[in-house]
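A look at the structure
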Amino acid sequence: MKQFFSFVKKEFYHVFRDSWTMVILLLMPVVQMILFGFAISTEIRNINVAIVAPEHDELTKMITDKLDAVDYFTVNGYFTSMEKLDEAFRQGDIDCAIIFGQAFEENLYSADGSSICLSVDASNSNTATTMAMYAQSIISDCIKELSPYVGAAGIAPDIKMLYNPQMKSSFNFVPGLMGLIIILICAMMTSVSIVREKEKGTMELLLVSPVKPLTIVISKMVPYMVMSFVNYLTILLLATTLLGVPVAGSFLTLSLLSLIYIITALALGLLISSATQSQLVAMIGSGMVLMIPVLFFSGLLFPVEGMPKVFQYFSWIVPARWYVTAAKKLMIQGLSFRYVLQEFIVLSSMAVLFITISLKSFKNRLS
Amino acid sequence: MEDNVIIAEGLTKCFGTFTAVDHISFSVKKGEIFGFLGANGAGKTTAMRMLCGLSIPTEGKAVVAGFDVETQSEEIKKNIGYMSQKFSLYEDLKVWENIRLFAGIYGVPEKEIAPKTDALLGRLGFEKEKNTLVKLLPLGWKQKLAFSVAIFHGPKIVFLDEPTGGVDPMVRRQFWNMIYEAAERGITVFVTTHYMDEAEYCDRISIMVDGRIEAMDTPKNLKDEFGVESMDEVFYLLARTAKRAE
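Residues numbered from 1 in each chain as written. Chains lettered and ligands numbered in written order. Predicted model: local features only at pLDDT ≥ 70, side-chain atom pairs only at ≥ 80, totals over all residues. Heavy atoms only, no water.

Our next topic: the overall build of chain B. Counting its regular elements, chain B contains nine helices and ten strands. In terms of C-alpha radius of gyration, chain B reaches 18 Å, essentially the compact-globule figure of 18 Å for 246 residues. Principal-axis analysis of the C-alpha atoms places the extent of chain B at approximately 50 × 40 × 35 Å. Counting across all 246 residues of chain B, residues that qualify as buried make up 55%. (Helix = DSSP H or I, 4+ residues; strand = E, 2+ residues; numbered from the N terminus. Rg over C-alpha atoms; globule rule 2.2 N^0.38 Å. Buried < 20%, exposed > 50% of the residue type's maximum accessible area, 1.4 Å probe, protein only.)

Rendered as C-alpha cells:
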C-alpha cells in the first residue's frame, strides 16, 4: 500500500510539472463550453424574411408584425410583386420569403380558400427546414387566432416541446460534451503517459523492480481520474449557471454514472497503451478510435436515430453513446435510477471487459 | 560453489527461428566485477534480461542470488539493482524525489530513507542539488546518481547495461571508482560495456559473439592467451569472426 502511494505521488508530480498540459486539460472544457454554448449552435437566429403581398390587409399585417416580433426573424423588405424577390434572394438580403396570394384575408372565408407560399433559401438544407418550420408555426398560429373556424387553415396539431420547451441546443450538447471530455482525458492521457515510460526506458526500470504491474497501472490512472472528475464538475457548473441547463434528476446518480464511465475510459486508455509503443501512435490512436466515434455516435453532433441501421448497431459498442443517453435522461428528463439501469449495466460490463483484456495483455508483454 | 551468486547453464533464448542467446554457461562470484562484452547484436542485453527475470529462457537454467530465473523472478527482483543504457531516472522529478521513489519501491524502511539520502548526496557532493529536477543535471551526474539509486537498497547484485555511454573519460573514471566501492561492500557487479579500457577494470570478462560466449577469463589471461597487448585487440580478434550483421 505504501508502495502504491509513493507511485501515485510520482504520477501527480508528472502531471503537475507538465504545467502546459495541465492548463490545457483544465481549460479545455471551459473553452468547449463557450464554443458550443455561444458560437456553434444548431439554433438559427437572424433570419431575414421578405413579405410579398399584393395588398395589405389586416391578416397579412398581423403575420408580418408577429414574425418581426419574434427574435429570430427580421422582416427585411416588403414587395408587392414577385419580380424583385429573386434579386433579393441572390443578393443574400433575405433567407426566406412569405408570399401571400391575391386578396388573402377575403379568400380565407371563400370556398376556394386563400393561398400562401413559403419560399426558403435551401442552399443549406438543415437551416432551410428549420426556418420553414419556424415560419409555418407562426403563420398557423396567426390564422388560428384570427379565425378559429376557418377551414383553410386545416387542423394544425398543437405541438408541445417536452423537457426542453425552448428547444435549447445546450440541452443536447452538454451531456455530449461531458462524454467527449471524459473520454479524451482519461483514455488519451493515460495511454500517452504509460507509453511515455516505455519510450523513455523507465518502464524497463519498473519492470525489473519488485513492483506489481497492476500497481504501476492503477497509480497512473489516479491523477487523470481526479482531473476528469474536476472537469465533470466544471462542465456541470458552467452548464447550470451560464446556459441554464438543468440537473433535473439526482446529482448523485449522475456522478455515479460518470464515475463508471470514467473507469471505462481509463480501461480503454490502458488497452490502447498496451498495443502501442510510441506516444505519437497512442495519441493518434486514441484520437481515431475514441474521438471520432464519440463525435458521431454519441448524438453530440448528429442524432443516432437518423442513421442507417448498421451505424446504429455500431453505436452500441461506443461507450459514450450509453453514457450520453443516460446523462440526458438524468439531467434533462429528470428520470430516476431505474430508467438508466440498462445504461449502467452496459457501461459497467464494458468497464469489466476492458480491464480484463488490458490487464491480460499488459502481463503478456512482460514475458 | 556457494560463493557463486549468478550461475547460468546452457541459457538459451530464441525469437522464432532466431537464436539470440545460444547455450551460454558461466558463473559469477560474490563481490566480483564481471564484464559482459560483445558487439552490438551479440545477445548481451537479451542475456541480461533473462538474468533479471524480465524474459523467460527458451532453454537452460540460471540461478541469480539463489533464485531460479524461471520460477522465482519476483524474489530475484527484490535482490538486484538495475541501471539501463538509457538514462534511468525520472527527469521531471527532483533528485530527492527519485531517491525516495525507488527506495519506496524496493521497500527500504521509512526511517532509514532520509539519513541514507543525505549520506548519499554528501558522498556524491550533490547536497546543493537535492531539490534540483534531474533533467537539469549534466549527463555524468545523472549516471552517477542513477548508479547510486540502483544500489541504494543494498542489492546482492547490480546489473549495469552500458552505464557509461556518452560520458566523458573523467566522469567514467569516477564512475568506476564508485563501482569498486560497491564491489568492496560485497555487491556483485555485472556490467556490459563498449569501452575496452573499462574491460581492463573488470575482475573477469566474457566476450560474446553471435549469441555464444567465445572467451571468458581475467583480462590479463585473455591478453596472454591471444598474445596481444590490449583488450582492444582481443576483442577485435574475436569480434571479426562474427557473422551476424547489426
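Now for the packing of helix 9 (residues 213-241) of chain A against helix 10 (residues 251-275) of chain A. All names here are of chain A. Interhelical geometry of helix 9 versus helix 10 gives an angle of 140° and a closest axis separation of 10 Å. Taken together, helix 9 and helix 10 sit at an angle that is classed as oblique. The element helix 9 and its partner helix 10 pack so that their crossing is right-handed. Between helix 9 and helix 10, the contacting residues are Val217, Met221, Tyr224, Met225, Ser228, Phe229, Tyr232, Leu233 and Leu236 on the first element and Phe251, Leu254, Ser255, Ser258, Leu259, Ile262, Ile263, Leu266, Ala267 and Leu270 on the second. (Axes fitted to C-alpha atoms, helices over the stretch in contact; angles between N-to-C directions. Parallel < 35°, antiparallel > 145°, perpendicular 65-115°, else oblique. Left-handed = near helix turned anticlockwise from the far one by under 90°. Contact = heavy atoms within 4.5 Å.)

It is worth spelling out unusual backbone geometry at this point. Residues and elements named next belong to chain B. Phi angles above zero are rare outside glycine, and His23 is one such case at about 45°. By the element assignment, His23 lies in strand 2 (residues 18-29). Classification of His23 by relative accessible area gives partly exposed; the value is 43%. Phi is positive for Glu162, close to 45°, though the residue is something other than glycine. Relative to the helices and strands, Glu162 resides in the loop between strand 7 (157-161) and helix 6 (169-184). Among the residues examined, Glu162 registers a relative accessible area of 14% and is labelled buried.

The next point concerns the sheet that holds strand 2 (residues 73-79) of chain A. All names here are of chain A. With mixed pairing, four strands are arranged side by side in an open sheet as 2-1-3-4. Every other strand in the sheet has two partners, leaving strand 2 and strand 4 (116-120) as the edge strands with one partner each. Ignoring which end each strand starts from, the neighbouring axes of this sheet average 20° apart. As judged from the five bridges shared by strand 1 (residues 47-52) and strand 2, these two strands associate in the parallel manner. Counted as the bridge partner of Val52 is Phe79 from strand 2. With respect to the sheet, helix 4 (residues 83-91) is in contact with strand 1, strand 2, strand 3 (96-100) and strand 4, its orientation differing from that of strand 3 by roughly 170°. (Pairing = 2+ DSSP bridges.)

Glancing now at the nonpolar core. Of all hydrophobic cores here, the largest spans 156 residues; its most connected members are Ile6, Phe26, Val64, Leu145, Phe147, Phe159 and Phe190 of chain B. Residues in contact with Ile6 of chain B, not counting those within four places in the same chain, are Phe26, Ser27, Val28, Leu51, Val63, Val64, Ile157, Phe159 and Phe190 of chain B. With 23 residues, the next largest nonpolar core counts Ile44, Ile51, Val75 and Phe104 of chain A among its residues. (Core = buried A, V, L, I, M, F, W, Y, C linked by side-chain atoms within 4.5 Å.)

Here the focus is the pattern of salt bridges. Scanning the model with the defined rule gives 22 salt bridges over all chains in all. With a closest N to O distance of 3.4 Å, Glu91 of chain B and Lys142 of chain B form a salt bridge. Linking Glu91 of chain B in the loop between strand 6 (80-83) and helix 3 (95-105) with Lys142 of chain B in helix 5 (residues 139-150), this pair joins segments that are 51 residues apart in sequence. On the accessibility criterion, Lys142 of chain B (11% relative accessible area) is buried. Within the structure, one salt-bridge network assembled from shared partners comprises Lys10, Glu11, Glu197 and Lys220 of chain A. (Salt bridge = Lys/Arg side-chain N within 4 Å of Asp/Glu carboxyl O.)

As a note on interpretation, predicted positions should not be read in detail where pLDDT is low. Looking at chain A as a whole, its pLDDT mean stands at 81, while 90% of the residues score no less than 70. Within chain A, the element-level pLDDT minimum falls on helix 5 (residues 104-108) of chain A, averaging 74, and the maximum on helix 10 of chain A, averaging 90. (pLDDT = per-residue confidence, 0-100.)

Moving on, we come to the sheet that holds strand 10 (residues 212-217) of chain B. All names here are of chain B. The strand order across the open sheet built from six strands is 6-7-8-3-9-10, with neighbouring strands paired in mixed fashion. Here the strands that pair on one side only, and so sit at the sheet edges, are strand 6 and strand 10. Here the average twist between neighbouring strands, direction ignored, is 15°. Bridge count between strand 7 and strand 8 (residues 188-192): five bridges; the pairing is parallel. What sits directly across from Phe159, in strand 8, is Phe190. Contacts from helix 6 reach strand 3 (33-38), strand 6, strand 7 and strand 8 within the one sheet, and its direction differs from that of strand 3 by about 130°. On top of the sheet, helix 9 (residues 231-239) reaches strand 3, strand 9 (204-209) and strand 10; it is set at about 30° to strand 9, its chief contact.

Moving on, we get to the packing of aromatic side chains. The relative placement of two aromatic rings is captured by the distance of their centres and the angle of their planes. Residues and elements named next belong to chain B. Across all of its chains, the model carries 20 aromatic pairs over all chains by this definition. Grouping aromatic residues by their ring pairs yields a cluster made of Phe26, Phe34, Phe36, Phe159 and Phe190. Above the ring of Phe152, the side-chain terminus of Lys116 is found at 4.9 Å from the ring centroid. Sitting over the ring of Tyr195, Arg172 keeps its end group 3.7 Å from the ring centre. (Phe/Tyr/Trp six-rings, centres within 6.5 Å; stacked < 30°, edge-to-face > 60°. Lys NZ or Arg CZ within 6 Å of the ring centre and 35° of its normal.)

Here the idea is plain: a probe the size of a water molecule rolls over the atoms and shows the empty space left. In this structure the tally under the stated criterion is one cavity of 30 Å³ or more. Within this model, the largest cavity holds a volume of roughly 80 Å³. Contributing to the lining of the largest cavity are Leu205 of chain A together with Tyr82, Met83, Ser88, Leu89, Phe102, Tyr106, Ala146, Val149 and Ala150 of chain B. With three residues, helix 5 of chain B is the largest single contributor of residues to the lining of the largest cavity. The class makeup of the residues in the lining of the largest cavity is nine nonpolar, one polar and no charged. (1 Å grid on protein atoms, 1.4 Å probe; cavity = no way out; pocket = protein on both sides within 12 Å on 5 of 7 lines; lining within 4 Å. Points joined across faces, edges and corners; volume = space filled by probe spheres on them. Nonpolar A, V, L, I, M, F, W, Y, C, P; charged D, E, K, R; others polar.)

According to the domain assignment, chain A consists of domain 1 (14-40 + 168-364) and domain 2 (47-146). Placing a centre on the C-alpha atoms of domain 1 of chain A and another on those of domain 2 of chain A gives a separation of 47 Å. (Domains from an automatic or database assignment.)

Our next topic: the packing of helix 7 (residues 170-200) of chain A against helix 10 of chain A. All names here are of chain A. Where helix 7 meets helix 10, the closest approach of the two axes is 8 Å, and the angle between their N-to-C directions is 35°. Both helix 7 and helix 10 take part in a crossing whose hand is right-handed. Contacts between helix 7 and helix 10 pair Met178, Gly179, Ile182, Ile183, Cys186, Ala187, Thr190, Ser191, Ile194, Val195 and Lys198 from the former with Tyr261, Ile262, Ala265, Leu266, Leu268, Gly269, Leu270, Ile272, Ser273 and Ser274 from the latter.

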